[in-house]
Amino acid sequence: MGTQAALELAADKLIFLMNTEGVPDKGRTIHNALTVNEARQVLDKAKKLPEDVTYYLPCAITACTQGVKRAHLISRHRDGALLSELFTREGVGTLITPAPLETLRPATIDDVGGILGLIEPLEREGILVRRSRELLEMEVERFLVLESDGVIAGCAALYPFPEEQAAELACMAVSQEFRGRGFGERLLAEAEKRGKKAGFKKLFVLTTRTEHWFEERGFVDSSPDHLPKSKQALYNYKRKSKVLQKSL
Ligand SMILES: CC(C)(COP(=O)(O)OP(=O)(O)OC[C@H]1O[C@@H](n2cnc3c(N)ncnc32)[C@H](O)[C@@H]1OP(=O)(O)O)[C@@H](O)C(=O)NCCC(=O)NCCS
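These numbers were taken from a predicted model, which means no experiment stands behind them.

### Looking at the overall build of the chain
For step 1, the next point in the chain: A tally of regular secondary structure across the chain gives 9 helices and 11 strands.
For step 2, the next point in the chain: Taken over the C-alpha trace, the chain has a radius of gyration of 22 Å; the compact-globule value for 248 residues is 18 Å, which it surpasses by more than 25%.
For step 3, the next point in the chain: The dimensions of the chain, computed from C-alpha atoms along their principal axes, are 70 × 35 × 35 Å.
For step 4, the next point in the chain: Considering the chain as a whole, with its 248 residues, one finds that 43% of them fall into the buried category.

Encoded structure:
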């Protein structure tokens, strides 16, 4: 009934108030978000689901496959559940969406504002080298972005040095509120994959404060002398950046 009404209204959101907190995962917690495909797998594979989940989850799937952008399964017993679900990033129940909320993709000119918002605080702290909007607009096709629910949560850029069959991984950043969820790792893996596909044999990175993060992910100590010639000319000795590299 609710599902039908949402479809007739071409609703953006459909909210189910249940007796349980959401769709349980394998542990003692609930899934924060599921795509329609993941939700189908839960229905297929989960051994024992609460009765109202077996009732409402298929409704959420139907809604999301027929035009509703989001379906929320939340507890009707929790004070403020609706506000928390709709106005906090994590929410309190389970969100069902037609497609994944996070996408890792090449940046477009429309991402420039989002990338600037992400990197400007790090530029102010001296962690990243400053880039103007104009420069970013010119170089945006070198960037990858990780978008989470419409927000640019992370970025990384690959600058090619074809003569040396090398690429610089630069301007890698994950917004503070998204750190520690593996976004950095995903950006790095994608940059490595793209670098390899483009025929580069090594990736190098210049960093003032993040060497350990890169070392833990296979980068080794190098030096400015080993940088591609044109990069050496631009190396800023005052910044005292560490040069690290990784074979692809
Ligand atoms: C480096 C950075 C991109 C990692 O992003 P992230 O999405 O948090 O990374 P992941 O979730 O994949 O990895 C997080 C892990 O790295 C660790 N980590 C984060 N920053 C680190 C650093 N500077 N040195 C060592 N480890 C670090 C975290 O403690 C966490 O460890 P855990 O999994 O054991 O808890 C992010 O911290 C950042 O934007 N830093 C500022 C910009 C920067 O320094 N860029 C590099 C220069 S180009």
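### Brief notes about the nonpolar core
For step 1, the next point in the chain: I115, I119, F143 and C155 are the most contacted members of the largest nonpolar core, which totals 25 residues.
For step 2, the next point in the chain: Counting residues per element, the ones that place at least two in this core are helix 5 (112-124), strand 6 (143-148), strand 7 (151-161) and strand 8 (166-174).
For step 3, the next point in the chain: Examining the composition of this core, we find that 6 residues originate from one element, helix 5, more than from any other.
For step 4, the next point in the chain: Residue contacts for F143: discarding those within four places in its chain leaves P106, A107, I115, R131, L136, C155, A156, A157, Y159 and C171.
For step 5, the next point in the chain: Of all hydrophobic cores here, the second largest spans 23 residues; its members include A6, L57, A60 and A71.

### Concerning the pairing of strand 9 (residues 202-207)
For step 1, the next point in the chain: Direction of pairing for strand 8 relative to strand 9: parallel, over a ladder of 3 bridges. Looking at strand 9, one finds that E168 is bridged to F204.
For step 2, the next point in the chain: On the question of chirality, the crossover connecting strand 8 to the parallel strand 9 by way of helix 7 (residues 183-197) is right-handed.
For step 3, the next point in the chain: Of the pairings in the sheet, the one linking strand 9 to strand 11 (residues 242-247) comprises 6 bridges and is antiparallel in character. Within the sheet, the bridge partner assigned to F204 lies in strand 11 and is Q245.

### Thoughts on the sheet that holds strand 2 (residues 33-35)
The pairing of strands in a sheet happens through backbone hydrogen bonds and is either parallel or antiparallel.
For step 1, the next point in the chain: Read from one edge to the other, the open sheet built from 4 strands follows the order 1-3-4-2, with strand pairing classed as mixed. If you trace the sheet from one side to the other, it starts and ends with strand 1 (13-18) and strand 2, each paired once. Across this sheet, the average inter-strand angle for adjacent strands is 20°, counted without regard to direction.
For step 2, the next point in the chain: When strand 1 meets strand 3 (residues 70-75), the two strands line up parallel, connected through 6 bridges. Bridging from a neighbouring strand, K13 pairs with R70 of strand 3.
For step 3, the next point in the chain: Strand contacts of helix 2 (residues 36-45): strand 2 and strand 4 (94-97), with the helix running at about 95° to strand 2, the strand carrying the most contacts.

### Observations concerning the environment of I115
For step 1, the next point in the chain: Here I115 shows up in helix 5.
For step 2, the next point in the chain: Once the C-alpha coordinates of I115 and Q245 are considered, the two residues, 130 residues apart in sequence, prove to be 25 Å apart.
For step 3, the next point in the chain: In this structure I115 touches A107, L136, V140, F143, V145, I152 and C155, once residues within four positions along its chain are discounted.

### A word on the site of the ligand
For step 1, the next point in the chain: Near the ligand there are 19 residues, and of these M172, V174, G182, G184 and T210 occur at the shortest range.
For step 2, the next point in the chain: Between an oxygen atom of the ligand and a main-chain N or O atom of V174, the distance comes to 2.8 Å.
For step 3, the next point in the chain: Contact distances for the ligand include 2.8 Å between an oxygen atom and a backbone N or O atom of G184.
For step 4, the next point in the chain: Taking a 2 Å distance to the grid points as the criterion, the majority of the atoms of the ligand fall inside the largest pocket.

### Some points on the domain arrangement of the chain
Much of the literature gives interface size as the accessible area that the parts lose upon coming together.
For step 1, the next point in the chain: If you check the domain split of the chain, you get domain 1 (2-100) and domain 2 (103-247).
For step 2, the next point in the chain: Relative placement of domain 1 and domain 2: their C-alpha centres are 36 Å apart.

### Structural notes on a nonpolar patch on the surface
For step 1, the next point in the chain: A cluster of nonpolar residues, I15, L17, L82, L83, L86 and F87, forms a patch on the protein surface that exposes about 570 Å² of accessible area.
For step 2, the next point in the chain: Residue assignment for the nonpolar patch shows that the elements contributing at least two residues are strand 1 and helix 4 (81-87).
For step 3, the next point in the chain: The element that contributes the greatest number of residues to the nonpolar patch is helix 4, accounting for 4 residues.
For step 4, the next point in the chain: Here F87 lies in helix 4.

What counts, and at which threshold
- Residues numbered from 1 in each chain as written.
- Predicted model: local features only at pLDDT ≥ 70, side-chain atom pairs only at ≥ 80, totals over all residues.
- Heavy atoms only, no water.
- Helix = DSSP H or I, 4+ residues; strand = E, 2+ residues; numbered from the N terminus.
- Rg over C-alpha atoms; globule rule 2.2 N^0.38 Å.
- Buried < 20%, exposed > 50% of the residue type's maximum accessible area, 1.4 Å probe, protein only.
- Core = buried A, V, L, I, M, F, W, Y, C linked by side-chain atoms within 4.5 Å.
- Contact = heavy atoms within 4.5 Å.
- Pairing = 2+ DSSP bridges.
- Right-handed = clockwise from strand over helix to strand, strands pointing away.
- Axes fitted to C-alpha atoms, helices over the stretch in contact; angles between N-to-C directions.
- Near = heavy atom within 4 Å.
- Polar contact = N/O pair within 3.5 Å; in protein donor to acceptor, adjacent residues only side chain to side chain.
- 1 Å grid on protein atoms, 1.4 Å probe; cavity = no way out; pocket = protein on both sides within 12 Å on 5 of 7 lines; lining within 4 Å.
- Sits in = over half its atoms within 2 Å of the grid points.
- Domains from an automatic or database assignment.
- Patch = residues over 30% accessible without salt bridge, like charges linked within 9 Å, V, L, I, M, F, W, Y side chains within 5 Å.
- Areas by Shrake-Rupley, 256 points an atom, 1.4 Å probe, with all protein chains shown as cover.
- Salt bridge = Lys/Arg side-chain N within 4 Å of Asp/Glu carboxyl O.

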